[in-house]
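Summary of structural features
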Amino acid sequence: MDSPLVIDVEGISKRFGGRTVVDNIPMQVRRGEIYGFLGPNGSGKTTFLRMLCGLLIPDGGSGRCLGLDIRTEAAKIKKQVGYMTQRFSFYEDLTLEENLDFIARIYGVSRRKEAVEKSLERLGMTARRRQMAGSLSGGWKQRLALSACLIHEPQLLLLDEPTAGVDPKARREFWEQIHQLAASGLTALVTTHYMDEAERCHRLAYIAYGRLLARGTVGEVVAAGGLSTWQVAGPDLPALAEHLRALPAVEQVVAFGATLHVSGRDAARLRSSLMPVMTPGHRWEEIEPGLEDVFISLMDAAKDNFV
Amino acid sequence: MVSKEFIQMRRDRVTFAMMIGIPMIQLILFGFAINSDPKHLPTAVYSADNSVFSRTLVWALRNSSYFDIVREPRNEGEIQRMLAQGSVQFAVHIPVDFSRKLLRGEQPELLLEADATDPSAVGFAISAINSLTQSVLNRDLTGPLNRLRPSPAPFRLVTHPHYNPENITQYNIVPGLMGVMLTMTMVMITALAITRERERGTMENLLSTPVHPGEVILGKIVPYIAVGYVQVFLILLASKYLFHVPIVGSVPLLLSLVLLFITANLAVGIMFSTVAKNQLQAVQMAFFFFLPSLLLSGYMFPFRGMPLWAQRIGEVLPLTHFLRVVRGILLKGNGLSEIARDLWPIALFALGMVALGIKRYRQTLD
Ligand SMILES: Nc1ncnc2c1ncn2[C@@H]1O[C@H](COP(=O)(O)OP(=O)(O)O)[C@@H](O)[C@H]1O
Ligand SMILES: [Mg+2]
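Quick caveat, the model's predicted, so the values are computed rather than measured.

Backbone geometry at A249 of chain A places phi at a positive 70 degrees, although glycine is not the residue there. Summarising the element assignment, A249 of chain A is placed in the loop between α9 (237–245) and β12 (252–256). Even without glycine at this site, S65 of chain B takes up a positive phi of about 70 degrees. Structurally, S65 of chain B is set in the loop between α3 (52–63) and β2 (67–71). Residue classification places S65 of chain B among the partly exposed residues on the basis of a relative accessible area of 23%.

Right, dumping it as structure tokens:
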């Protein structure tokens, strides 16, 4: 049996000054799921999250969050949601502890002192409790923000680029924690630009220009992209890339480290285009397309359709 | 570098408008509204002697352009009330036996009572009436009465400058300073308070919590009320021990009314902070409000010296009324009944600002 839907939106829209920033985006997220939300900058992710927790009112469409109407029951939703803003939004001139205490008070957390103590401990911040929030490094700021989001024991976490500007070790720890929380029944909607993070999500949605382009598990998204991809390694890749782009059925050529990913949606034609250039100087190999290959292809297609 | 500054200046429309607007306002206020030789001061005439002489006197006062006779009280008590309320600046009292004594050559007294809280408001008028005494009755003193013509003058002018008999400017300025300081700091601090939350991004976090807008605003206001009271205490102490201002009225009454005035100013600040996009704009708006308050309230220049349009604007500003309240209580010893007429305009202003602030306050980021 499926877990209940925590986010259930058929499609909501938001316009700013005549420009549609979120265009009828749907979303269904189940309890205990970690849901990845991806898309280029300015594609409307933050705006969508803000509509979910009542910070913005949708111009069109409606939906439910934790079983509550996002238009009319925002106040109730706010009590059960932990929203981590994209930009650090705590008081830089308060200490860690004071910030947590303030948030706990606002949520009316019972046994506040204990709750603050617990979240300081859980995040390993007890030693830094008296440090001003403004003087923390990116990783610590992110930990503070996360523990502040958790202090009122919410049902749903909305995390807006929580790992931007955070070092890899802190990122790994962060994701481990998210998985632990999810295992205990918490639901998380996380926006990110990192592919490795996207792959750690149970399911994900990819949007661009305010529209949903793909959603599902990583496997489903990749399969739906319908892409076949070849990887090339060897000398003079930039020149080769130039040459490959001109070939029929080659839709994208993307540099990945010391290799190129050459993709197209028509597998047979792609293969016949590439055959003549597969010289022994380079190593060619047909691979499973990655998320990134698929997203780039989706973006290009979207650009042609919408712009 | 310079061209980048100009581009940014042009982008920030409000700042740009303020940079042009503030000097313009200063120009207009200093150029047109301020007049240090106030005329047409409201005057009450209480004439217990109905004679040709008293009528000539009244006529001469009217003609002097310094006195506008607006009231004709029926007894001494009414005169005192009018002066206390500030509804008249002067009261001329012609005693019962004025004409009889005058005819007998006994040099009767003509009593001029002045509300001298602001010495600069009454100085010119008093010298004008002084020069009147010599010649005013010449027209009536003809024929056999010719012998009464000066010199010496046919009657003596006695001036009673009430409330500040020694014309000490500090007595007027120092209590007024209380209002000026409160206006300046209260508006500025609250205008910044909410704008700062928005600028630092903490507003988004606040709005995502279940906190009620009323709590946010109250939370912003309450600490500053306390700050306001600290200022009031400091000024009261300085008034008493540093400047030796005579404190005639009830300090507890003043302290309780200060709350109304502080609230009005905090409401202005909150209203500004819902409009301002950044802290700079908030500061500019506060200044925009402070400037006319300072110049048109009667603090720097006598209120009645200003043209009518400037007085109208002044009447809207809470500082104008608060100055009358503070000076009324401290210098005149006024009670609630005399100052009530200056309380409701402050309350009305505060209500208006709160309403605007609530209307503009957004619970969302829209
Ligand atoms: N309050 C606003 N007013 C006007 N435009 C906005 C506002 N908020 C966001 N936008 C615009 O909406 C688009 C989507 O922004 P956002 O939701 O922040 O995207 P993302 O989080 O995916 O980067 C951007 O082009 C941005 O400029
Ligand atoms: Mg964003």
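Grouped together as the largest cluster of nonpolar side chains are 102 residues, with contacts concentrated most on I7, M27, L158 and L189 of chain A together with M178 and V258 of chain B. Ranked by the residues each element gives to this core, the list is headed by helix α10 (residues 251–275) of chain B, at 14 residues. Apart from residues lying up to four places away in sequence, I7 of chain A is in contact with M27, Q28, V29, L52, R64, C65, L156, L158 and L189 of chain A. The next biggest cluster of nonpolar side chains, apart from the first, holds 36 residues, and it includes M84, I103, L159 and F174 of chain A.

Before going further, it helps to spend a moment on the pattern of salt bridges. Residues and elements named next belong to chain A. Evaluated as defined, the whole model comprises 30 salt bridges over all chains. With a closest N to O distance of 3.8 Å, D59 and K14 form a salt bridge. One end of the pair, D59, is in the loop between α1 (45–52) and β4 (63–65); the other, K14, is in strand β1 (residues 5–16), and 45 residues separate them in sequence. A residue is classified by how much of its surface remains accessible, and D59, at 37% relative accessible area, is partly exposed.

Moving on: the interface of chain A and chain B. In this assembly, 20 residues from chain A lie in contact with 17 residues from chain B. Taken over both partners, the interface formed by chain A and chain B buries close to 1,700 Å², and the fraction arising from carbon and sulfur atoms is 54%. Our count for the chain A to chain B interface comes out at two salt bridges. Ionic pairing is found between R50 of chain A and E204 of chain B, a salt bridge with its closest N-O pair at 2.8 Å. Where chain A touches chain B, the interface holds seven residue pairs in polar contact (both at pLDDT 80 or more).

All names here are of chain A. All residues adjacent to ligand 1 are F16, R19, V21, P40, N41, G42, S43, G44, K45, T46 and T47. Within the side chain of T46, one N or O atom sits 2.5 Å away from an oxygen atom of ligand 1. Compared with its free state, where it exposes 560 Å², ligand 1 has 66% of that area covered by protein. Broken down by secondary-structure element, the contributors of at least two residues to the shell around ligand 1 are β2 (19–30) and α1. Its residues assigned to classes, the shell around ligand 1 shows three nonpolar, six polar and two charged.

Spanning 17 residues, helix α6 (residues 119–135) of chain B covers 26 Å between terminal C-alpha atoms, matching the ideal 24 Å at 1.5 Å per step. Regarding α6 of chain B, the residues found buried are P119, A121, V122, A125, I126, A128, I129, L132 and T133 of chain B.

Residue and element names in this part refer to chain A. If you trace the four strands from one edge of the open sheet to the other, you get β12-β13-β11-β14, paired in antiparallel fashion. Two strands close off the open sheet at either side, each with one partner strand: β12 and β14 (283–287). Averaged over all adjacent pairs, the angle separating strand axes in this sheet is 25 degrees, with direction ignored. As defined by bridge partners, strand β11 (residues 228–233) adjoins β14 across five bridges and the pair is classed as antiparallel. Residue pairing in the sheet places Q231 in a bridge with E285 of β14. Docked against the sheet, helix α10 (residues 267–274) engages β11, β13 (259–264) and β14, running at close to 25 degrees with respect to β11.

This next bit is on a positive patch on the surface. Residues and elements named next belong to chain B. On the surface, R198, K277, K359, R360 and R362 cluster together into a patch of positive charge. Residue position: K359 is located in helix α14 (residues 336–360). Take K359: its relative accessible area is 65%, and that puts it in the exposed class.

Right, let's talk about the domain arrangement of chain B for a bit. All names here are of chain B. Domains assigned within chain B are domain 1 (41–162) and domain 2 (169–364). The C-alpha-based centres of domain 1 and domain 2 are spaced at 39 Å. Listed as interface residues are 16 residues of domain 1 and, on the opposing side, 10 residues of domain 2. Summed over both sides, the interface of domain 1 with domain 2 buries roughly 1,100 Å², with 49% coming from carbon and sulfur. By the criterion of area lost to domain 2, the three top residues of domain 1 are A84, Q85 and T117, representing 44% of everything that side buries. Our count for the contact surface shared by domain 1 and domain 2 stands at one salt bridge.

So, on to the pairing of strand β4 (residues 109–115) of chain B. Residue and element names in this part refer to chain B. Among the seven residues in β4, six count as buried, and that is most of the element. Of the pairings in the sheet, the one linking strand β3 (residues 90–94) to β4 comprises four bridges and is antiparallel in character. Counted as the bridge partner of H93 is L111 from β4. As paired strands, β4 and strand β5 (residues 156–162) are joined by seven bridges and run parallel to one another. The partner of L111 across the bridge, within β5, is V158.

Definitions and limits used
- Residues numbered from 1 in each chain as written.
- Chains lettered and ligands numbered in written order.
- Predicted model: local features only at pLDDT ≥ 70, side-chain atom pairs only at ≥ 80, totals over all residues.
- Heavy atoms only, no water.
- Helix = DSSP H or I, 4+ residues; strand = E, 2+ residues; numbered from the N terminus.
- Buried < 20%, exposed > 50% of the residue type's maximum accessible area, 1.4 Å probe, protein only.
- Core = buried A, V, L, I, M, F, W, Y, C linked by side-chain atoms within 4.5 Å.
- Contact = heavy atoms within 4.5 Å.
- Salt bridge = Lys/Arg side-chain N within 4 Å of Asp/Glu carboxyl O.
- Buried area = accessible area lost by both parts, 1.4 Å probe.
- Polar contact = N/O pair within 3.5 Å; in protein donor to acceptor, adjacent residues only side chain to side chain.
- Near = heavy atom within 4 Å.
- Areas by Shrake-Rupley, 256 points an atom, 1.4 Å probe, with all protein chains shown as cover.
- Nonpolar A, V, L, I, M, F, W, Y, C, P; charged D, E, K, R; others polar.
- Expected span 1.5 Å × (residues − 1).
- Pairing = 2+ DSSP bridges.
- Axes fitted to C-alpha atoms, helices over the stretch in contact; angles between N-to-C directions.
- Patch = residues over 30% accessible without salt bridge, like charges linked within 9 Å, V, L, I, M, F, W, Y side chains within 5 Å.
- Lys, Arg positive; Asp, Glu negative; His and termini not counted.
- Charge placed at Lys NZ, Arg CZ, Asp CG, Glu CD.
- Domains from an automatic or database assignment.

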